Amino acid sequence: MPDIHKKYALNIYQRGDFEGAINHFLLADTKFKEVLALFPELFPKNFNKFEIYLQDPSGLANSGSGRSAGSGPNVRAASAVVFFCEKIRANIRNLAEQVEDMRKLSGKTTTTTGSGSGSGSGSGSMKPSQSQAQASLLLTVDPDEVIRDATILDTIYMCALIHCNPPRRSVIVNILSKKNYCHLDSCSLMIASQGNSFTEALLWLFRSHGDHKRVLSALSESNCCGDNAWTQKQYYNWVAEYLSLLWHHESLVHLNHTPHDQNQQNLHHFGGNDTDSMAVTHALLIHQVLPLQPVPILSTTL
């Protein structure tokens, strides 16, 4: 029966019925990389090192109606890939998280370049039965492949969401504000190209990967506010909330060694209006990011 579903899926895929094809690929339990390989127009830039793992054994990629080699992403194809990724993402992500938990417990580190550990923390201490189960799991899987698979899935999922019509911005923000395995370089270029309305998503991407320097670099009113983007109030609320969380976060230590000129440039992003929210933001940024550089704080009651 699975073979029948897969053959039928490939048949209707060639006719451009991407939604129907995805349903039958799911029924056939087709390997997810074989399915995603049928949609190479959804591979983002700077993703070359992962494309070698996305081989299309059917040789039918780009053969569906309304698509041709080198053409831009098809909206219906993007929507179908989003549906497919949503159906399989939980299992792939959970397996990747289990691998990461075991690596933390065993003192190992992830060697796969470009994958993100996300904003979530590890599971902490586990019961002996849980530890034994996960140790057994590591004997049956390739940990690097598991993390790589999660990276491939989340990155193409993100690209498909962007190429839906309209782009599913709220879904993207929701994904990036939680633990994710998006390939940082590929996704940052793709999201940044969408303009101010996607700056929130870009900030969450950097934040979820612990890349606080790039958050601060992108965090300016001119980048974040505008049509279909944040209001000034929403911008300052996000900035204040973000910097307050960094206040006691050890990952900010490396920012203390940022050259003074760059620190001043980051600080300049928050200049402009003498509002209470901005004053709080200044205070947080100055005391935590620039502990060795005395800078006047805007007058307010903190």
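Residues numbered from 1 in each chain as written. Predicted model: local features only at pLDDT ≥ 70, side-chain atom pairs only at ≥ 80, totals over all residues. Heavy atoms only, no water.

For the rest of this paragraph, the subject is the overall build of the protein. What the protein contains, in helices and strands, is 15 helices and 0 strands. By residue count, 45% of the 302 residues in the protein fall in the buried class. Approximately 15000 Å² of the protein is accessible, and the part contributed by carbon and sulfur atoms is 52%. (Helix = DSSP H or I, 4+ residues; strand = E, 2+ residues; numbered from the N terminus. Buried < 20%, exposed > 50% of the residue type's maximum accessible area, 1.4 Å probe, protein only. Areas by Shrake-Rupley, 256 points an atom, 1.4 Å probe, with all protein chains shown as cover.)

This next bit is on helix 10 (residues 199–208). Residues three or four positions apart in an α-helix share a direction because the helix packs 3.6 residues into each turn. Within helix 10, 9 of the 10 residues are buried, which leaves it mostly tucked inside the rest of the structure. Of the surrounding secondary structure, the elements contacted by the buried residues of helix 10 are helix 8 (169–176), helix 9 (184–192), helix 11 (212–218), helix 12 (221–224) and helix 13 (232–246). At the C-terminal side of helix 10, Gly210 shows a positive phi close to 70 degrees. (Contact = heavy atoms within 4.5 Å.)

According to the stated counting rule, one finds 8 aromatic pairs in the structure shown. Between Trp230 and Trp238 the ring centres are 5.6 Å apart and the planes differ by 40 degrees, which places this aromatic pair in the tilted class. With relative accessibility at 10%, the residue Trp230 sits in the buried group. The buried category is assigned to Trp238, whose relative accessible area is 8%. Counting every residue linked through ring pairs, the aromatic cluster contains Trp204, Trp230, Trp238 and Tyr242. For the cation-ring pair, Arg207 lies above Trp238, with the distance from its terminal atom to the ring centre recorded as 5.1 Å. (Phe/Tyr/Trp six-rings, centres within 6.5 Å; stacked < 30°, edge-to-face > 60°. Lys NZ or Arg CZ within 6 Å of the ring centre and 35° of its normal.)

With that settled, the discussion passes to the side chain of Arg89. Looking at the secondary structure, you find Arg89 in helix 5 (residues 75–106). On the basis of relative accessibility, which here comes to 10%, the residue Arg89 falls in the buried class. A polar contact of 2.7 Å, which involves the side chain of Arg89, links it to the side chain of Asp154. Those residues within four positions of Arg89 in sequence are excluded, and the remaining contacts are Leu153, Asp154, Tyr157, Ile175, Lys179 and Asn180. (Polar contact = N/O pair within 3.5 Å; in protein donor to acceptor, adjacent residues only side chain to side chain.)

The contact between helix 1 (residues 2–14) and helix 2 (residues 18–27) brings their axes to 8 Å, and the two run at 165 degrees. The orientation of helix 1 with respect to helix 2, classified from their angle, is roughly antiparallel. Relative to helix 2, the crossing made by helix 1 is left-handed. Contact residues: helix 1 offers His5, Lys6, Tyr8, Ala9, Leu10, Ile12 and Tyr13, while helix 2 offers Phe18, Gly20, Ala21, His24, Phe25 and Leu27. By residue class, the composition of the contact of helix 1 with helix 2 is 9 nonpolar, 3 polar and 1 charged. (Axes fitted to C-alpha atoms, helices over the stretch in contact; angles between N-to-C directions. Parallel < 35°, antiparallel > 145°, perpendicular 65-115°, else oblique. Left-handed = near helix turned anticlockwise from the far one by under 90°. Nonpolar A, V, L, I, M, F, W, Y, C, P; charged D, E, K, R; others polar.)

Across the interface, helix 8 lies against helix 10 with an axial gap of 8 Å and an inter-helix angle of 15 degrees. Classified by the angle between their axes, helix 8 and helix 10 sit roughly parallel to one another. Note that helix 8 runs across helix 10; the crossing there is left-handed. Residue-level contacts link Ile172, Val173 and Leu176 of helix 8 to Glu200, Ala201, Trp204, Leu205 and Ser208 of helix 10. A breakdown of the residues in the contact of helix 8 with helix 10 according to their chemical character gives 6 nonpolar, 1 polar and 1 charged.

Turning our attention to the side chain of Asp149. With respect to the secondary-structure elements, Asp149 resides in helix 7 (residues 143–162). Excluding residues within four positions of it along the chain, Asp149 makes contact with Phe32, Lys33 and Ile92.

With the rule as written, the count across this model stands at 10 salt bridges. Ionic pairing is found between Lys33 and Glu145, a salt bridge with its closest N-O pair at 3.7 Å. In this pair, Lys33 sits in helix 3 (residues 32–36) while Glu145 sits in helix 7, placing the two residues 112 residues apart along the sequence. Taking the relative accessible area as the measure of exposure, Lys33 reaches 16% and is therefore buried. Here Glu145 falls in the partly exposed class, since its relative accessible area comes to 31%. (Salt bridge = Lys/Arg side-chain N within 4 Å of Asp/Glu carboxyl O.)

For the rest of this paragraph, the subject is the nonpolar core. Formed by 75 residues in total, the largest nonpolar core has its most connected members in Leu36, Phe39, Ile156, Met158, Leu176, Ile191 and Leu219. Of all the elements, helix 7 adds the most residues to this core, at 12 residues. (Core = buried A, V, L, I, M, F, W, Y, C linked by side-chain atoms within 4.5 Å.)

Mean pLDDT for the protein: 76, with 68% of residues reaching 70 or above. Between residues 256–281, whose pLDDT stays under 50, and residues either more than four places distant or in other chains, the model counts 52 contacts. (pLDDT = per-residue confidence, 0-100.)

Before going further, it helps to spend a moment on helix 8. Burial in helix 8 covers these residues: Ile172, Val173, Ile175 and Leu176. Projection of helix 8 onto a plane perpendicular to its axis shows the buried side chains occupying an angular sector of 165 degrees, all on one side. Close packing links the buried residues of helix 8 with helix 5, helix 7, helix 9 and helix 10. (Arc of directions from axis to C-beta.)

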